[in-house]
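Observations on chain architecture
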Amino acid sequence: MPVSESARIRDALESKTIAVVGCSTTPGKAAHDVPRYLLEQGYDVLPVNPNAEEIFDRPAADALSDVDREIDVVCVFRPSEEVAGIVDEVLERDDIETVWTQLGIRDDEAAERVEESGRAVVQDQCLKVQHQRHLA
């Protein structure tokens with residue numbers, strides 16, 4: 001079952017390195033403004049966007065498999081239909097502890113696969129809102 005209890009959400013929020021799949025270069029879009037907020041809160045944000053060279057003066061990876069750093073949380077700003085493929089990439093790695101899909105994004109079958117691998121899942125929740133609720 002996806003993480004919904006405050007303690008488990010807090011655990012995910014206490015991670016430091018967040019790869020943002022679908023991170024946007026466009027100010028005003030949630031996929032840009034939420035990661036910017038996370039940077040401002042001290043998180044190490046790793047943008048993942050195959051259509052951008054860099055975002056927030058950081059190199060943008062084309063895919064999770066191209067990120068050569070340790071990742072704690074994968075935050076997904078892609079349509080629900082793309083979550084399964086992103087989860088495939090997550091399951092190829094040993095470092096990712098949590099998959100977090102943003103507000104309006106949900107794939108229960110993919111979430112089940114993540115949980116079966118021993119990792120946490122947060123679905124259909126805004127990371128910024130939850131950060132403000134639990135840690136700010």
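Check the entry above for the structure.
About the cut-offs
- Note that residues are indexed from 1 along each chain, following the sequence as it is written.
- At least 70 in pLDDT is required for a residue's local features to be given in this predicted model, at least 80 for side-chain atom pairs to be given and counted, and no such filter applies to totals for whole chains, interfaces and linings, which use all residues.
- Values shown for side chains rest on all heavy atoms present in the structure; no hydrogens or waters enter the calculation.
- A run of H or I in DSSP counts as a helix once it spans at least four residues, and a run of E counts as a strand once it spans at least two, with each numbered from the N terminus.
- Using a 1.4 Å probe on the protein chains alone, a residue whose accessible area is under 20% of its type maximum counts as buried, one over 50% counts as exposed, and one in between counts as partly exposed.
- What makes two residues a contact is simply this: any of their non-hydrogen atoms within 4.5 Å.
- For the purposes of these results, a polar contact is taken to be a pair of N or O atoms within 3.5 Å, where, inside protein, one atom must be able to donate a hydrogen and its partner to accept one; residues adjacent in sequence count only when each atom of the pair is a side-chain atom.
- In this analysis the probe radius is 1.4 Å and the grid spacing 1 Å, with only protein atoms considered; a cavity is a set of points the probe fits into but cannot get out of, a pocket is an open set with protein on both sides within 12 Å along at least five of seven lines, and lining residues have an atom within 4 Å of a point.
- Grid points are joined across faces, edges and corners, and a volume is the space filled by probe spheres set on the points.
- All amino acids are sorted into three groups, where Ala, Val, Leu, Ile, Met, Phe, Trp, Tyr, Cys and Pro are nonpolar, Asp, Glu, Lys and Arg are charged, and the leftover types, Gly among them, are polar.

Here we look at the environment of D95
Mapped onto the fold, D95 is located in the loop between α3 (83–91) and β6 (98–101). On the accessibility criterion, D95 (15% relative accessible area) is buried. When the C-alpha atoms of D95 and Q125 are compared, they prove to be 22 Å apart, with 30 residues separating the residues in sequence. For D95, the contacting residues outside a window of four places in its chain are R69, E70, I71 and D72. Of the polar contacts made by the side chain of D95, one reaches the backbone nitrogen of I71; its length is 2.8 Å.

What about empty space enclosed by the protein?
In this structure the tally under the stated criterion is one cavity of 30 Å³ or more. There is about 40 Å³ of room inside the largest cavity. Along the walls of the largest cavity sit V83, V87, V99, T101, D107, A110, A111, V114, V121, V122 and Q123, which together make up its complete lining. Elements with a contribution of two residues or more to the lining of the largest cavity: α3, β6, α4 (108–116) and β7 (120–122). Here the lining of the largest cavity takes three residues from α4, the largest share from any one element. Across the lining of the largest cavity, the residue classes break down as eight nonpolar, two polar and one charged.

Interpretation note: all reported values are geometric properties and have no functional meaning in isolation.
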